[in-house]
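Summary of structural features
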Amino acid sequence: MVKLTKIYTKSGDRGTTALGSGARVAKTHQRVVAYGTVDEANAAIGQARCLAEGVASHPPMFDVLTAVQHDLFDVGADLSTPVGADEEDGARLRVQEHQTLALESWIDAYNAPLEPLTSFVLPGGSPLAAALHVARTIVRRAERLTVGLAEHEPDSVNAEAVRYLNRLSDLMFVMARAANDNGATDVLWVPGKNREAPP
């Protein structure tokens, strides 16, 4: 259980931080950057969650985003502790397959009433949709950084955390479309729209 009694410790004043394993690394370490970006994504989703309060949808967006925020703390805890070679199942907080499968079920539910796309969607529309698009891009960045960490430190990253982030960006996309009147008010990209000089 987490217990925070003091907010500042001064232990990071020299540019290092402690991983979940207790090891100290630079705050610019690839692992710290990855789980720090997961935290950034969580904050962006928190903003979207505020805008989702009272919005009628199925499943309820407010509840889904709340569940996702809890999961993202799990992702951050997972990434903050390198997977050990002799780690026993359940010894550490790791993202589980059923958490990723829950994302897939929500994606399917929100995507079902949407018309197929004929072009890319311009991020925006309603304030909620715009916030979800911002969250989507931050989740994508967190995923890229986590994949980079896994490439740099093979076997030290839980593969399910990568899958979770990949599905989460897809969820943010379909939720953004759902928040735009199930895609009815999406604005689609027109390739080369402003390429021609005005007369």
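Our structure's up above, just so we're on the same page.
By convention here, each chain's residues receive numbers from 1 onward along its written sequence. Where local features are concerned, this predicted model is filtered to residues with pLDDT of at least 70; where side-chain atom pairs are given and counted, the filter is 80 or more; whole-chain, interface and lining totals use all residues. Side-chain descriptors were evaluated using all non-hydrogen atoms of the structure, hydrogens and water having been removed beforehand.

1. Here's the deal with the packing of aromatic side chains
Stacked, tilted and edge-to-face pairs are distinguished by plane angle, under 30 degrees for stacked and over 60 for edge-to-face with tilted covering the rest, among Phe, Tyr and Trp rings (Trp via its six-membered ring) whose centres lie within 6.5 Å. The full count for this structure, using the stated rule, is 1 aromatic pair. Judged by centre distance (5.8 Å) and plane angle (40 degrees), the rings of Phe120 and Trp189 are tilted. Here Phe120 is found in the loop between helix H3 (97–111) and helix H4 (127–152), whereas its partner Trp189 is found in the segment after helix H5 (159–179), with 69 residues between them in sequence. Whether a residue is buried, partly exposed or exposed follows from its accessible area with a 1.4 Å probe, protein chains only, as a fraction of its type maximum: under 20%, in between, or over 50%, in that order. Relative accessible area serves as the criterion here: at 40%, Trp189 is assigned to the partly exposed category. Secondary structure elements follow DSSP: runs of H or I no shorter than four residues count as helices, runs of E no shorter than two count as strands, and numbering proceeds from the N terminus.

2. Some remarks on helix H1 (residues 30–52)
Here H1 spans 33 Å end to end across 23 residues, near enough to the 33 Å set by a 1.5 Å rise per residue. Downstream of H1 by one or two residues, Gly54 has phi in the positive range, about 85 degrees. Helix span, expected: 1.5 Å multiplied by one less than the number of residues in the helix.

3. Topic: the layout of surface pockets
A pocket, in this scheme, is an open set of points on a 1 Å grid over the protein atoms alone with protein on both sides within 12 Å along at least 5 of 7 lines, while a cavity is a set where a 1.4 Å probe fits but cannot get out; residues line either one if an atom lies within 4 Å of a point. Grid points are joined across faces, edges and corners, and a volume is the space filled by probe spheres set on the points. For the second largest pocket, the calculated volume is near 150 Å³. Every residue lining the second largest pocket is listed: Val83, Glu87, Glu88, Asp89, Gly90, Arg92, Arg94 and Gln96. For the lining of the second largest pocket, the class distribution of residues is 1 nonpolar, 2 polar and 5 charged. Throughout this entry, Asp, Glu, Lys and Arg are counted as charged residues, while Ala, Val, Leu, Ile, Met, Phe, Trp, Tyr, Cys and Pro are counted as nonpolar. The remaining residues, Gly among them, count as polar.

4. Observations concerning the side chain of Gln69
Along the chain, Gln69 turns up in helix H2 (residues 61–80). Look at Gln69 and you get buried, because its relative accessible area is 16%. Setting aside residues no more than four positions away along its own chain, Gln69 makes contact with Asn42, Ile45, Gly46 and Arg49. Should any heavy atoms of two residues lie within 4.5 Å, those residues are considered in contact.

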